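Listed here are the chains, written in short residue letters.
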Amino acid sequence: MQRSDSFFHLLYRYLWPFWLFRDASRGSMLERAAAYRYNRELRRYLPGYACKWAVLTGFQGAIMTGCEQAAAVLHEALLWIAAAFGTTASASVAVIAVCLAAWAYLSFVEA
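Just so we're clear, the structure is a prediction, and the values are computed from it rather than from any experiment.

Some remarks on the packing of aromatic side chains
Scanning all chains against the criterion turns up four aromatic pairs. Look at Trp16 and Phe18: their rings are 5.1 Å apart centre to centre, the planes differ by 75 degrees, and that puts the pair in the edge-to-face class. Judged by its relative accessible area of 31%, Trp16 falls in the partly exposed class. A relative accessible area of 28% places Phe18 in the partly exposed class. Measuring from ring centre to ring centre gives 6.2 Å for Tyr36 and Tyr105, while their planes differ by 85 degrees; the resulting arrangement is edge-to-face. On the criterion of sequence distance, the pair formed by Tyr36 in helix α2 (residues 29–42) and Tyr105 in helix α4 (residues 77–108) is long-range, its members being 69 residues apart. Take Tyr36: its relative accessible area is 9%, and that puts it in the buried class. Geometry around Tyr38 places Arg22 over its ring, the cationic atom sitting 3.7 Å from the centre.

Things to note about helix α3 (residues 46–73)
End to end, α3 covers 41 Å across 28 residues, agreeing with the expected 40 Å (1.5 Å per residue, within 8%). Residues Leu46, Tyr49, Ala50, Trp53, Thr57, Gln60, Gly61, Cys67 and Ala71 constitute the buried set of α3. The elements touched by buried residues of α3 are α1 (7–15), α2 and α4.

About the cut-offs
- Residues numbered from 1 in each chain as written.
- Predicted model: local features only at pLDDT ≥ 70, side-chain atom pairs only at ≥ 80, totals over all residues.
- Heavy atoms only, no water.
- Phe/Tyr/Trp six-rings, centres within 6.5 Å; stacked < 30°, edge-to-face > 60°.
- Buried < 20%, exposed > 50% of the residue type's maximum accessible area, 1.4 Å probe, protein only.
- Helix = DSSP H or I, 4+ residues; strand = E, 2+ residues; numbered from the N terminus.
- Lys NZ or Arg CZ within 6 Å of the ring centre and 35° of its normal.
- Expected span 1.5 Å × (residues − 1).
- Contact = heavy atoms within 4.5 Å.

Okay, structure coming up:
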């Protein structure tokens with residue numbers, strides 16, 4: 001069997017953990033309970049996704065720092081690149097926080 005997933009679709013699945021989970025706020029009471037149990041089973045993947053995003057944030061921070069230092073010597077246009085990487089790094093920190101909060105909720109809250 002040959003799969004035709006594109007590179008960007010695979011990258012999306014590698015970095016974005018929320019495609020795994022089901023919506024536990026819709027359906028009948030039994031459907032919501034089944035979705036919550038399913039999500040609790042898959043919570044074990046969330047710390048791994050948080051680690052992936054932490055590594056990505058580290059790379060973004062290193063590039064941001066390098067661009068800031070190079071901007072002092074070369075040109076101020078590199079400050080815009082540093083600002084862009086700083087913005088994406090802060091968004092990455094938000095994804096890490098959501099992953100860990102979802103893991104904690106699914107681990108410690110019984111439905």
